[in-house]
Amino acid sequence: MDFKTRPCYPPGMKRRKRNSPSILERFESTCGWCGRTIPAGTPVYGGSGKFRSGVDLSHKAGQVIEVYVAVLDKTILTGVAGLDSEARRDGHDFVYMTCSEDCGHRLREALQLEIDLGNRLASSE
């Protein structure tokens, strides 16, 4: 006889859900390029950029969002600059974080490829 086991909970008791890290916690602790966990107290490297003309994410200001990068076929976490932030005053719309200068350089190159791809697609319309 083949029995399958499954958890049995008393009536009214629900299975406890695992608390997964919030998007902000992931942004603060994960490299935007390689995805490695960045331990607390470890130096991090940041980068920034501007959104394409016509993209308005002011309703997301001060929040972390997921951005799909087609040339990488992956999603990176970016922080949208707050409306009255130093980053915004310096002309940056978003920021990202990496675990090393090398990862920052690679992510910056990939974002530039994404911009070039977008420009080529826009010019072919």
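Residues numbered from 1 in each chain as written. Predicted model: local features only at pLDDT ≥ 70, side-chain atom pairs only at ≥ 80, totals over all residues. Heavy atoms only, no water.

Visitor: Please explain the pattern of salt bridges as it appears in this structure.
Guide: Side-chain pairing between opposite charges can occur once the charged atoms of the two side chains come close. Enumeration according to the criterion identifies five salt bridges in this entry. In this structure, D84 engages R89 in a salt bridge whose closest nitrogen and oxygen atoms are separated by 3.3 Å. Put simply, K50, R88 and D93 are held in one network by salt bridges that share partners. (Salt bridge = Lys/Arg side-chain N within 4 Å of Asp/Glu carboxyl O.)

Visitor: Whenever I open this one, unusual backbone geometry confuses me. Can you help?
Guide: Positive phi, close to 55°, is recorded for D73, a residue that is not glycine. You can see D73 is positioned in the loop between β2 (64-69) and β3 (74-80). (Helix = DSSP H or I, 4+ residues; strand = E, 2+ residues; numbered from the N terminus.)

Visitor: Got a minute to help me understand helix α3 (residues 101-123) in this structure?
Guide: Since the α-helix packs 3.6 residues into each turn, any two residues three or four apart lie on the same face. Its 23 residues give α3 an end-to-end C-alpha distance of 33 Å, which sits within 8% of 33 Å, the value for a rise of 1.5 Å per residue. Taken as a whole, α3 has its buried residues at C103, G104, L107, A110, L111 and G118. Elements in contact with the buried residues of α3: β2, β3 and β4 (94-98). (Expected span 1.5 Å × (residues − 1). Buried < 20%, exposed > 50% of the residue type's maximum accessible area, 1.4 Å probe, protein only. Contact = heavy atoms within 4.5 Å.)

Visitor: Looking at this model, I keep getting lost on the sheet that holds β4. Mind explaining?
Guide: Within a beta sheet, neighbouring strands are joined by backbone hydrogen bonds and run either parallel or antiparallel to one another. Spatially, the four strands line up as an open sheet ordered β1-β4-β3-β2, and their pairing is antiparallel. Every other strand in the sheet has two partners, leaving β1 (45-49) and β2 as the edge strands with one partner each. Here the strands of the sheet are splayed against their neighbours by 40° on average, with no regard to which way each runs. Pairing between β2 and β3: six bridges, direction antiparallel. Bridge pairing in β3 links V69 to K74. α3 contacts β1, β2, β3 and β4 of the sheet and is inclined by roughly 140° relative to β4. (Pairing = 2+ DSSP bridges. Axes fitted to C-alpha atoms, helices over the stretch in contact; angles between N-to-C directions.)

Visitor: I would appreciate a short explanation of the packing of aromatic side chains in the present structure.
Guide: Any two aromatic rings considered together are summarised by their centre-to-centre distance and by the angle between their planes. Scanning the entire structure with this criterion turns up one aromatic pair. A cation over a ring is seen here: K74 above W33, with NZ or CZ 4.8 Å from the ring centre. (Phe/Tyr/Trp six-rings, centres within 6.5 Å; stacked < 30°, edge-to-face > 60°. Lys NZ or Arg CZ within 6 Å of the ring centre and 35° of its normal.)

Visitor: Looking at this structure, I do not really get the layout of surface pockets. What am I missing?
Guide: Summary: where empty space remains is shown by rolling a probe the size of a single water molecule over the atoms. Taken as a whole, the largest pocket encloses approximately 530 Å³ of empty space. Every element with two or more residues in the lining of the largest pocket is listed here: β1, β2, β3, β4 and α3. At eight residues, α3 tops the list of elements feeding residues into the lining of the largest pocket. Residue composition of the lining of the largest pocket, grouped by class: 13 nonpolar, five polar and four charged. (1 Å grid on protein atoms, 1.4 Å probe; cavity = no way out; pocket = protein on both sides within 12 Å on 5 of 7 lines; lining within 4 Å. Points joined across faces, edges and corners; volume = space filled by probe spheres on them. Nonpolar A, V, L, I, M, F, W, Y, C, P; charged D, E, K, R; others polar.)

Visitor: Would you mind showing me how to read the side chain of T98 here?
Guide: Within the secondary structure layout, T98 lies in strand β4. Overall, T98 belongs to the buried group, its relative accessible area being 0%. Separated by 3.1 Å, the side chain of T98 and the backbone oxygen of S100 make a polar contact. Not counting residues up to four positions away in its chain, the partners in contact with T98 are C31, G32, W33, I38, V44, Y45, C103, G104 and L107. (Polar contact = N/O pair within 3.5 Å; in protein donor to acceptor, adjacent residues only side chain to side chain.)

Honestly, it's all geometry; don't read function into it.
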